[in-house]
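# Geometric and topological summary
The residues making up each chain are set out below.
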Amino acid sequence: MNTQRELLLTFCTKTVEALNQELGVKSDQGLNDTEVAERQKKFGANEMHPHQIGIGSVFARQFKSAFIYLLLIAAAIVIVAGETLDGIIIIIFVLINATLGFVQEYRSERALKLLQQYVKTETSVRRHGELHRIDARELVPGDIVIIQTGDSVPADVRLLKVSGLLVNETALTGESVAVDKDADALEAQPADLYAARNLCFSGTSVVQGEAEGIVIATGLQTAIGNITQLTTEAVKESNFAKGIGRFSKFILQMILITLVFVFVANRLIKGSEVSLIEQLVFSLALAVSVIPEALPVVSTVSLSRGAVELAKRKVVVKRLTSIEDIGGIDVLCSDKTGTLTENKLSLTHYWPQESEQTLLFGNLAAQQDEEKHEPFDAALWEAAPDDVRRQIDRYTRITEFPFDPVRRLNGVVVQNGVKTFSIIRGAPDEILKRCTTLDAGTQAAAAKWLRERGHAGERVLAIATGPAAQEILPDTPYELIGIMSFVDPIKESTFRAVTKARALGVSMKIITGDAAEVAGAVAQQIKLTAHPDHVMSGSDFEKLSLMERRQAVENFSVFARVNPEQKFAIIDTLQSHHNVGFLGEGINDAPALKRAGVSLVVQSAASIAREAADIILLQKNLEVIIDGIEYGRTVFANTIKYLKATLASNFGNFYAIALGSLFISYLPMLPLQILLVNLLSDFPMISIATDNVKKSEVTRPQRYNVREIVYIATVLGVVSTVFDFMFFGFFFREAPAVLQTNWFMGSILTELVFLFSIRTSLPFYKAAKPSRYILFLTGAAVVLTVLIPYLPFGQSVFKFAPPSIGHLAIIFGLVIAYFACSEIVKNMFYKLATPHTTSSHSHATQ
């Protein structure tokens, strides 16, 4: 690492000519395609952690489980005891389970790999004399890159040209103060790499200004690539994942305590009637039978399948567990411009009168790109007649001041013959306060006109001129040239999205830097607020106490003229009582994105905003987010279904077999039979990740409700235990093999039919149709359950006795009665107990 650091430092003292010579490039032309291809082959992709799908590592993951360890211990015990066949069969069960998990997880890994093509960090690069936007992973040493406000620095760069560049290097140095950069060669190498003001480092972000630089290191050769313990993004763990972790520990502890009790009780009651080895393996198999060991697979399949489905809906998930969180969003905060509106502006009005000069200076302060990306730039150019466009060529641009999101303005210094002056444009309130020569009457007339335009929902832009300067200073006097207003139509999809959000129980908030009148007018048109004046400004919010802020975020749906600090405060206040989704796109949104429960950005967002986000939208459309919320609830609901189904049925079976073993002189079910029950029931259980969910069952925000899961699993577990004892009661007087076989069949069949009851809180016939995977795998499991006891293989290996026709009738009769009883108890539970146990989120786990 020190060697690499020293190498980077050598670039600090070199002139532009020396840099060009050493890196084999002409900075005014950049590399050509042949040079790029050669360097990509030599240096590899510009990636910090290339994602590789390791088949071996995915397969090995399947064995990292306490439950698998229990099975392997059981296999070792029976092999040592001389029961080699039983031990081999246990190992086969382990391998089958591991293979199932491996296939599902490997397919999930591949799906996630495919999703990476959607998530790109783009950068501007000069190659063979032309500017291009490319994936930052394609950069190579020697590339000439252009960075500006809001960008993440894509590689380690030696600066060549700089215009007011401030860079946040917190990820590397821990210092929160932005660093001023310049392009001058240093006289001597500094002792500290980060003291080199003419270097920018991968993983840092541009706070202000723009620059041109030459790439000197990529990927793992960068400064941050050599410091693997640092990361620019904090890892979030979903509330669902935390709850599952705590819940799993609780279940494991409870089972182990019960098993110790059952094992000791059996030894005291039966003595040597059942061998110690057989009883120990029985206990271990019983433990495995009740553990929801397929939960990781179900969760992975649900999430990865959800990620792929969301990608089809133009929603790309960066953090997989955020799919569970997105369903829990109950407050969605969004900017106005470009999300609710088209962000395609058309010039409509001037103040104080139509002026060719206002239009000319507005265009001069625009970015001079051939293709106008900024909406104001595009609208101004579209409105400019040929005469104004010809006049633009008579001015020479001396200095540019990039847009400042805090002051909400940008500027340029231009020269026309011998006259040099600055032009600034931006939010009228920011421009007007710098125009100190305006009298009170003119200020009042401008304010009146601005209110009228705002109430019409139009956006406004003020233009002023002043003396030439190196930067825009607050006390510099400017002369107002004029103000223009633009119409920005509301998207048709916005009206549908707001209606659907309301139906899903999602409260929407607009948080924007636009004027209060404009934001209020849009909010009224989309029926987010009844009156356009019901808007709170960021400055007013900042003055409130904590309690008043909490009331304000509940009472107001629109917050206008909000700066980054105020935006963070609003999100922070909401997040204390809600699960907040926040859609942002600028560098000034990054703090709020970090604070929100679910952070969303569009693909065109600033690099630093994309890095802070959980979810990236490929389409800037509010309806896409609402659809994502609805689908996220479906994914969440299916995971909860698995928990309820497996806990209720497994616990009922577990306690019945454990207690039944105390009343007879033999084991009520052999260890291998218990493992086969577990295996056959797992097939349809895993497929629950693909299940369909009725829309009426995902109309409220989702929460991980431990209490409801425990209650429903306990209540229905008791029903399961009662019916298990009925199987025991019918057949315990028969031969041991008869009881074991019939109870084996009853255990699986009751678990399979129970799945069709617990998959919905509604009566089963009102639920959405089960997915074809559930129907197919359940049917296959039923056939195998009935068939295996009649096969020689089942009789010799698993010691089954073929059931008589009469016994089959009893078994299927009890299964039907169990399903009917479970339905009755489930419906009573949701009608009577749910309001008391799940409060306002009673639908969360339907």
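In what follows, the accompanying structure is described. (Residues numbered from 1 in each chain as written. Predicted model: local features only at pLDDT ≥ 70, side-chain atom pairs only at ≥ 80, totals over all residues. Heavy atoms only, no water.)

### Details of helix H3 (residues 33-43)
Among the residues of H3, the N-terminal cap falls to asparagine 32, whose side-chain oxygen and the backbone nitrogen of threonine 34 are separated by 3.1 Å. Of the residues trailing H3, glycine 44 is marked for its positive phi of about 80 degrees. (Polar contact = N/O pair within 3.5 Å; in protein donor to acceptor, adjacent residues only side chain to side chain. Helix = DSSP H or I, 4+ residues; strand = E, 2+ residues; numbered from the N terminus.)

### Quick notes on the pairing of strand E7 (residues 205-217)
Across the 13 residues that make up E7, a large majority, eleven, are buried. With five bridges connecting them, strand E3 (residues 144-148) and E7 associate as antiparallel partners. Within the sheet, the bridge partner assigned to isoleucine 144 lies in E7 and is isoleucine 214. Judged from the ten bridges that link them, strand E4 (residues 156-168) and E7 form a sheet pairing that is antiparallel. Its bridge partner lying in E7, asparagine 168 is registered against serine 205. (Buried < 20%, exposed > 50% of the residue type's maximum accessible area, 1.4 Å probe, protein only. Pairing = 2+ DSSP bridges.)

### Looking at helix H21 (residues 564-575)
Here H21 is twelve residues long and its end C-alpha atoms lie 16 Å apart, about the 16 Å a rise of 1.5 Å per residue gives. With nine of twelve residues buried, H21 is to be regarded as a mostly interior element. Turning to H21, its buried residues number three or more, namely Pro564, Gln566, Lys567, Ala569, Ile570, Ile571, Thr573, Leu574 and Gln575. (Expected span 1.5 Å × (residues − 1).)

### Here we look at the packing of helix H24 (residues 622-660) against helix H27 (residues 736-758)
Here H24 crosses H27 at 155 degrees, and the two axes come no closer than 10 Å. Judged on the interaxial angle alone, H27 and H24 are roughly antiparallel. Seen along the crossing, H24 lies across H27 with a hand that is right-handed. Every residue of H27 that contacts H24 at Lys641, Lys644, Ala645, Ala648, Ser649, Asn650, Asn653, Ala656 and Ile657 is listed here: Trp743, Ser747, Glu751, Phe754, Leu755 and Ile758. (Axes fitted to C-alpha atoms, helices over the stretch in contact; angles between N-to-C directions. Parallel < 35°, antiparallel > 145°, perpendicular 65-115°, else oblique. Left-handed = near helix turned anticlockwise from the far one by under 90°. Contact = heavy atoms within 4.5 Å.)

### Here we look at the packing of aromatic side chains
One pass over the full model with this rule turns up 17 aromatic pairs. Ring geometry for phenylalanine 361 versus phenylalanine 421: centroids 5.6 Å apart, planes at 50 degrees, classification tilted. In this pair, phenylalanine 361 is assigned in helix H12 (residues 356-364) and phenylalanine 421 in strand E13 (residues 419-426), connecting sequence segments 60 residues apart. For phenylalanine 421, a relative accessible area of 8% corresponds to the buried category. Consider the rings of tyrosine 395 and phenylalanine 421, whose centres lie 6.4 Å apart with planes at 85 degrees: the pair is edge-to-face. Here phenylalanine 421 lies in strand E13 and tyrosine 395 lies in the loop between helix H14 (386-392) and strand E11 (396-404), a separation of 26 residues in the sequence. Among the aromatic residues, those joined into a ring-pair cluster are Phe744, Phe793, Phe798 and Phe800. Its guanidinium or amino end placed over the ring of phenylalanine 421, lysine 419 lies 5.2 Å from that ring's centre, counting from NZ or CZ. (Phe/Tyr/Trp six-rings, centres within 6.5 Å; stacked < 30°, edge-to-face > 60°. Lys NZ or Arg CZ within 6 Å of the ring centre and 35° of its normal.)

### Focus on the nonpolar core
In this structure, Leu332, Leu600, Ile615, Leu617, Leu622 and Ile625 are the most contacted members of the largest nonpolar core, which totals 39 residues. For leucine 622, the residues in contact, after removing those within four places along its chain, are Leu332, Ser334, Thr339, Leu340, Ala497, Val498 and Met508. Residues Ala656, Leu672, Leu680 and Leu814 belong to the second largest nonpolar core, which totals 32 residues. (Core = buried A, V, L, I, M, F, W, Y, C linked by side-chain atoms within 4.5 Å.)

### Digging into a nonpolar patch on the surface
Where nonpolar side chains cluster on the molecular surface, the patch consists of Phe59, Tyr69, Leu72, Ile73, Ile79, Ile91 and Leu95 and spans about 560 Å² of accessible area. Breaking the nonpolar patch down by element, the ones donating at least two residues are helix H5 (66-80) and helix H6 (84-115). Per element, the largest residue contribution to the nonpolar patch is four residues, and it comes from H5. Structurally, isoleucine 91 is set in helix H6. On the basis of relative accessibility, which here comes to 32%, the residue isoleucine 91 falls in the partly exposed class. (Patch = residues over 30% accessible without salt bridge, like charges linked within 9 Å, V, L, I, M, F, W, Y side chains within 5 Å. Areas by Shrake-Rupley, 256 points an atom, 1.4 Å probe, with all protein chains shown as cover. Salt bridge = Lys/Arg side-chain N within 4 Å of Asp/Glu carboxyl O.)

### Describing the pattern of salt bridges
Across all of its chains, the model carries 23 salt bridges by this definition. The partner of lysine 826 in a salt bridge is glutamate 823, and the shortest N-O contact between them spans 2.8 Å. Here the residue lysine 826 and the residue glutamate 823 both occupy positions in helix H30 (residues 805-837), the gap between them amounting to three residues, near one helical turn. Among the residues examined, lysine 826 registers a relative accessible area of 0% and is labelled buried.

Everything listed here is a matter of geometry and, on its own, says nothing about what the molecule does.
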